[in-house]
Amino acid sequence: MRRKVIAGNWKMNNNLSESQNLITKLISGLSNEKLNSDVVICPPFTSLSEASSLAKNTVIKLGAQNMYFEENGAFTGEISAEMLKSVGCEYVILGHSERRIIFGELDQLINKKIKKALQSGLKPIFCVGETLEERESGVTEEVIKRQVTEGLKEISANEMDRIIVAYEPVWAIGTGKTATPQQAEEVHAFIRNLVLNLYSSSVAEKLVIQYGGSVKPDNAAELLSQNDIDGALVGGACLKADSFISIIKSA
Ligand code: 13P
């Protein structure tokens, strides 16, 4: 049985005091719950250190939203894996469609970041997903296959234990238009099968594949009940403690 992982991607939201406020509410809302899933929050870089102090000895684990693959040096504006580790991060989101589309990140760059994150002991949450245009022109599987294959290049079967894949159809992100549980399940099963072909059935069986894209309290349970959906990567609905907690409880 795969343990579900519910992660909240805060994106570019919440200054320091807003972050403190949200984390405090999450901690008190989750403190007496017996959870069936792991919980990860991914605040902006500027709140990570404080988030780490607040979340210490609670069920909440910490992730970042991006990093660069170099160790250090003249890379203005970038953050290294080691820096993320030093403020208590366990996870890092890589290859998010907003990074791919707005910031022009390509598969090869994402692959370098994933490799560096793994080498540094971070757990990548590796995002893949097709655009509306790609879905409508019938190339969803082709796109996912390219993203998965290129993103996982030179990553060993052992390292796969520490990777989460997040399927986030771009057309479902921030649009209120969720993939139906069947649409999502179809792509999740396709991803698992790709990983089976790239590695082995035991690697594929262990892989946690999250769904992301307009996950809300009222659709989370059905999505999370699908065979190959092992968690959620939540955007908008993780910015309110009540709705994030309700999604966590539906797992
Ligand atoms: P929304 O939940 O706001 O659609 O965002 C999903 C997402 O991009 C999480 O990484």
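Up top you'll find the structure we're talking about.
The residue numbering used here restarts from 1 in each chain and proceeds along that chain's sequence as written. Given that the model is predicted, a residue must reach a pLDDT of at least 70 before its local features are reported, and side-chain atom pairs must reach 80 or more before they are shown or counted; all residues, however, enter totals for whole chains, interfaces and linings. Each side-chain value is worked out from all heavy atoms of the structure, with water and hydrogens disregarded.

### Quick look at the site of the ligand
Here's step 1: The cutoff for a nearby residue is simple: one of its non-hydrogen atoms must lie within 4 Å of the molecule or strand. Taken together, N9, K11, H96, E168, A172, I173, G174, G213, S214, L233, G235 and G236 make up all the residues around the ligand.
Here's step 2: In this structure, an oxygen atom belonging to the ligand sits 2.8 Å away from a main-chain N or O atom of G236.
Here's step 3: For the ligand, the accessible surface in isolation is 310 Å², of which the surrounding protein chains cover 97%.
Here's step 4: When the residues that make up the shell around the ligand are grouped by side-chain class, the tally is three nonpolar, seven polar and two charged. Definition of a polar contact: a pair of N or O atoms within 3.5 Å, with one able to donate and the other able to accept a hydrogen when the atoms are protein atoms, and with sequence-neighbouring residues admitted only if both atoms are side-chain atoms. Only the protein chains shown count as cover for residues, with accessible areas throughout obtained via the Shrake-Rupley method and a probe of 1.4 Å. Three classes are used: nonpolar for Ala, Val, Leu, Ile, Met, Phe, Trp, Tyr, Cys and Pro, charged for Asp, Glu, Lys and Arg, and polar for all others, with Gly counted as polar.

### Points about the packing of aromatic side chains
Here's step 1: Stacked, tilted and edge-to-face are the three classes assigned to paired rings of Phe, Tyr and Trp, where Trp is represented by its six-membered ring and a pair needs centres within 6.5 Å; plane angles under 30 degrees give stacked, over 60 edge-to-face, the rest tilted. By the definition in use, this model includes three aromatic pairs.
Here's step 2: Seen from their ring centres, Y68 and F69 are 4.6 Å apart, and the 40 degrees between their planes marks the pair as tilted.
Here's step 3: Burial here depends on accessible area, computed with a 1.4 Å probe over protein chains only, as a share of the maximum for the residue type. Under 20% is buried, over 50% is exposed, and the range in between is partly exposed. Among the residues examined, F69 registers a relative accessible area of 17% and is labelled buried.
Here's step 4: For Y68, a relative accessible area of 19% corresponds to the buried category.
Here's step 5: An aromatic cluster of at least three residues, connected via ring pairs, comprises Y68, F69 and F75.
Here's step 6: Positioned above the aromatic ring of F103, the side-chain terminus of R99 is 4.1 Å from the ring centre. A ring has a charge above it when a Lys NZ or an Arg CZ is no more than 6 Å from the ring centre and no more than 35 degrees off the ring normal.

All we've got here are geometric facts, nothing functional implied.
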